[in-house]
Amino acid sequence: MVDDRFFRRAGPFTLQELAELAGAEIAQGSDPARRFSGVAPLSTAGAEDLSFLDNPHYAEDFRASAAGGCIVAPEQAGKAPAGMALLLASKPYRGYAAIAAAFHPGARPSGQIDANARIGEGAEIGEGTEIGPGAVVDARAVVGDRCWIAANAVIGPGVVIGDDSVVGAGATLSHCLIGARVNVHPGVRIGQRGFGFDMSDFPFRDVPQLGRVIVEDDVEIGANTTIDRGAGPDTVIGAGCKLDNLVQIGHNVRLGRGCVVVAQAGIAGSTVIEDFVAIGGQAGLNGHLRVGKGAQIAAQSGVARDVQPGERVAGTPAMPAKQFFRLVGIWHRLLKTKGTKDE
Amino acid sequence: MVDDRFFRRAGPFTLQELAELAGAEIAQGSDPARRFSGVAPLSTAGAEDLSFLDNPHYAEDFRASAAGGCIVAPEQAGKAPAGMALLLASKPYRGYAAIAAAFHPGARPSGQIDANARIGEGAEIGEGTEIGPGAVVDARAVVGDRCWIAANAVIGPGVVIGDDSVVGAGATLSHCLIGARVNVHPGVRIGQRGFGFDMSDFPFRDVPQLGRVIVEDDVEIGANTTIDRGAGPDTVIGAGCKLDNLVQIGHNVRLGRGCVVVAQAGIAGSTVIEDFVAIGGQAGLNGHLRVGKGAQIAAQSGVARDVQPGERVAGTPAMPAKQFFRLVGIWHRLLKTKGTKDE
Amino acid sequence: MVDDRFFRRAGPFTLQELAELAGAEIAQGSDPARRFSGVAPLSTAGAEDLSFLDNPHYAEDFRASAAGGCIVAPEQAGKAPAGMALLLASKPYRGYAAIAAAFHPGARPSGQIDANARIGEGAEIGEGTEIGPGAVVDARAVVGDRCWIAANAVIGPGVVIGDDSVVGAGATLSHCLIGARVNVHPGVRIGQRGFGFDMSDFPFRDVPQLGRVIVEDDVEIGANTTIDRGAGPDTVIGAGCKLDNLVQIGHNVRLGRGCVVVAQAGIAGSTVIEDFVAIGGQAGLNGHLRVGKGAQIAAQSGVARDVQPGERVAGTPAMPAKQFFRLVGIWHRLLKTKGTKDE
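Residues numbered from 1 in each chain as written. Chains lettered and ligands numbered in written order. Predicted model: local features only at pLDDT ≥ 70, side-chain atom pairs only at ≥ 80, totals over all residues.

An unreviewed UniProt entry annotates chain A as UDP-3-O-acylglucosamine N-acyltransferase originating from Rhodovibrio sodomensis. The heading Subunit (unreviewed entry) in the UniProt record of chain A holds the text "Homotrimer." UniProt, in the comment section headed Sequence similarities (unreviewed entry), describes chain A in these words: "Belongs to the transferase hexapeptide repeat family. LpxD subfamily." (UniProt positions renumbered as here; feature names shortened; annotations may be inferred.)

In structure tokens:
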């Protein structure tokens, strides 16, 4: 199934080796020496594939699967078809991630600086780092070890990038400090001036945007996402945040650790998001708000007020999610009782 | 009207030639030998221009137009001003498209590989294909005949592109197979890893995304649109789909043939869209849904459930469009009868 | 506070010099010879910093600030802590903008054409203009004086750019005329063909898009924003408009002067926006509408009808904003009185 034109392939691995990679236990009766050559979904896996069952919703696929082996929670193991080798793990999806990464290790930076790359005066490039064709690392920028700056990416003057980070093709970074193990996807824009004007007279006057963007370690930033630099304070993306594609982060926004922002969501200037907040797709947050730790913002909601820690909100303007679902129920009752003739 | 700095110009053409191009009939009394030098809207066209009337809404412009000729449905022909040459066609807009393309043929690829392009090891470039300055065609990629890979576009290792396709400036493609006559606009991102993490523990762990993007023939993909590759299955854009700008397509999404997705709409992971579905601007679709053939999703709606074939939905959460319009009517009646004093 | 890796620094300046730059008056008792070395927010400024108070909301920060000086409206001056030098101005934020720009002047184009830039046949480059590495200025394009075309930007054939304009890294322009002092951010897409098809038969047929994009003077266009060229008429962005990131402008749209369009908003084809209209984030406007001068469109609203001059609208479908706020109040009353048991 996995297309060798696009993915490297390692292995085969024995069940024993995979158990160690995944931190899983080999089920009684499964042969530790059995060999596997790849991973595949339950519905398409064959005798040499290792699959996974995480969502019990797919238990029927599990029962019917021709996979040679599967990583599964102990309480699901009884549903396995006869002859399937089993790895038992409390978090099967996490185990699968480790196994899949072993079979298909990501591309490693070549350690080469392409002849068509442009390295500015005083820039520093770490060991093992690859700089692709057409990429620009401007004056005084510092790129860590084992990084990969892909083709036609542009790293502005003075930018700092930590070890083991990737900047995708055509992405452009300026006025920012990027941590280690950060994955910046193609077309991302970081550090351009924010949307700050004095509008008391026309023509409007640009207000200098004198802050930076700080991206902490282990962050992923989706394709064509935009993150403006701060106006004076910094814009901050906390450690381990995951931003999807086409997300907009305004100037001075601060995201805590482990936040997840789904595609096309937008956060207006100076809003503070505490740790582990989840923001659904196409949601919008006004500026100058505070969203408490662990809050959840439903897709497409429009947040115009602070959100409490752990609170779940939905709707435009956003209200507690339960309230929004009740409101939708009320709308549907009104539809049954009113207006049946005149529209 | 048409600016010669930006568009090539052919012709002039006689009414007879234009009739053949458009598959139209020359109206009685119109001179087949009359010559035209270009196209223009009804309101600005002059004696040497050929215009079109498609939407009867513009019938008044038609009556008053100074255009030398016009392509029009037979039932509208009677409204033509005296002296206007007429081409009769049941689909005047389609006929106009053919005529406009004849007067202003699109740029043809030069067949040259720019000295500043980078062609990777084992890559294959078809005949008549142009590779612009700074463009990268990475190792083992295969680009068909008469393609145009514009300046600073990046085609990743192993990518396959069919004949007569265009990849716009600064677009980046990886992990994908692209059909024939596909038009990828500037800044498009195809094939980057999808938004797949195991979030059972922090830091979240990336789950390898081992699928591809398949773009079938005759697809158009608007500027800065993002299409993630599959997690295991492929992401598929069916033949003849038209995607507008800034659209987001999540991993494993499958679009059937002839779907139209308007700007800034987003489709979350694993949702299946059957043939000829129309999705309005800024609409959002949850993951793991099915949208039946010919369904219509209104602009800005938020789809959280399956949609039946041919169904029209609107609102957030999306409901049958008629119901949504009735709901809006109910809201307006409530506004008349309630709350007039207290807000 | 301001990071010297990213911002140039000028000064120090005396209070007298700053007063002149800002068009402000020195308050009685403040020493015109006092010297300042930079700007900073009230909460972090020190003795050598000049700060500002614009929004009276921050009056407490003002009272408690350790800033050496502050620009402030005369009526707020009485709240200043002892010893703080004061500049009095009716528009303190505008004054601050001038002062901040004096301390941290923007980067100036070097006047150099990079050896890796590609200048097409017949292209003209003005005096003092910088063309970055990998940038392309295609045949017959005309770039004015003191412009900066950043790394890997692509300027298509025949494009015209006025004096003192900036095109950010990786941006791509075609089929357009750009005014003076225009700031195009990284990743912007201007001039690609609009979303115009004849859909009367499948496969759909492209309708040639024969118009241009006209961007007037003093416009700012945010990162990854997309502006399609006209179908026949032009797409026009009026003088002094400010567009934020990830905005979509369809073909034939006309924006008057001084419009502000916040991030992720979208305007469908042929809609006309008069002068000084403000469009909130993620708002969507249907095609073929007219929005009157000075109208305000709330964030996330969905505009499906014309908007009158000066009108404020909100909601989907958009209604007068006051009505929408009343409707939200009605929803909340319904939540109190209905459905408390059954959802």
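Caption draft 1: Quick look at the packing of helix 1 (residues 15-22) of chain A against helix 3 (residues 92-103) of chain A. Residue and element names in this part refer to chain A. Running from N to C, helix 1 and helix 3 cross one another at 120°; their axes reach a closest spacing of 8 Å. Considering their axes alone, helix 1 and helix 3 lie oblique with respect to each other. Taken as a pair, helix 1 and helix 3 cross one another with a handedness that is right-handed. Contacts between helix 1 and helix 3 involve Leu18, Leu21 and Ala22 from the first element and Gly95, Ala98, Ile99 and Ala102 from the second. Its residues assigned to classes, the contact of helix 1 with helix 3 comprises 6 nonpolar, 1 polar and no charged. (Axes fitted to C-alpha atoms, helices over the stretch in contact; angles between N-to-C directions. Helix = DSSP H or I, 4+ residues; strand = E, 2+ residues; numbered from the N terminus. Parallel < 35°, antiparallel > 145°, perpendicular 65-115°, else oblique. Left-handed = near helix turned anticlockwise from the far one by under 90°. Contact = placed C-beta atoms within 7 Å. Nonpolar A, V, L, I, M, F, W, Y, C, P; charged D, E, K, R; others polar.)

Caption draft 2: Main features of the relation of the copies chain A and chain B. Aligned on chain B, chain A shows an RMSD of 0.1 Å; the corresponding rotation is 120° and the shift along the axis is 0.0 Å. One copy is carried onto the other by what is essentially a three-fold rotation axis. Here only 15% of the interface residues in chain A have copies in chain B that are interface residues too; the copies meet through unlike faces. (Least-squares fit on C-alpha atoms with pLDDT ≥ 70 in both.)

Caption draft 3: Structural detail: the UniProt feature "active site" (unreviewed entry) in chain A. As annotated by UniProt and renumbered to match this structure, "active site" (unreviewed entry) occupies His251(A). Beyond its immediate sequence surroundings of up to four residues, His251(A) is in contact with Gly194(A), Phe195(A), Gly196(A), Gln209(A), Gly211(A), Asp228(A), Arg229(A), Gly230(A), Ala231(A), Thr235(A) and Gly269(A).

Caption draft 4: A look at the interface of chain C and chain B. Contacts between chain C and chain B engage 47 residues on the former and 48 residues on the latter. Mapped onto the side of chain C that touches chain B, the elements with two or more residues apiece are strand 21 (197-198), strand 22 (205-206) and helix 4 (321-337) of chain C. Here the side of chain C that touches chain B gets 6 residues from one element, more than from any other, and that element is helix 4 of chain C. Across the side of chain C that touches chain B, the residue classes tally to 17 nonpolar, 21 polar and 9 charged.

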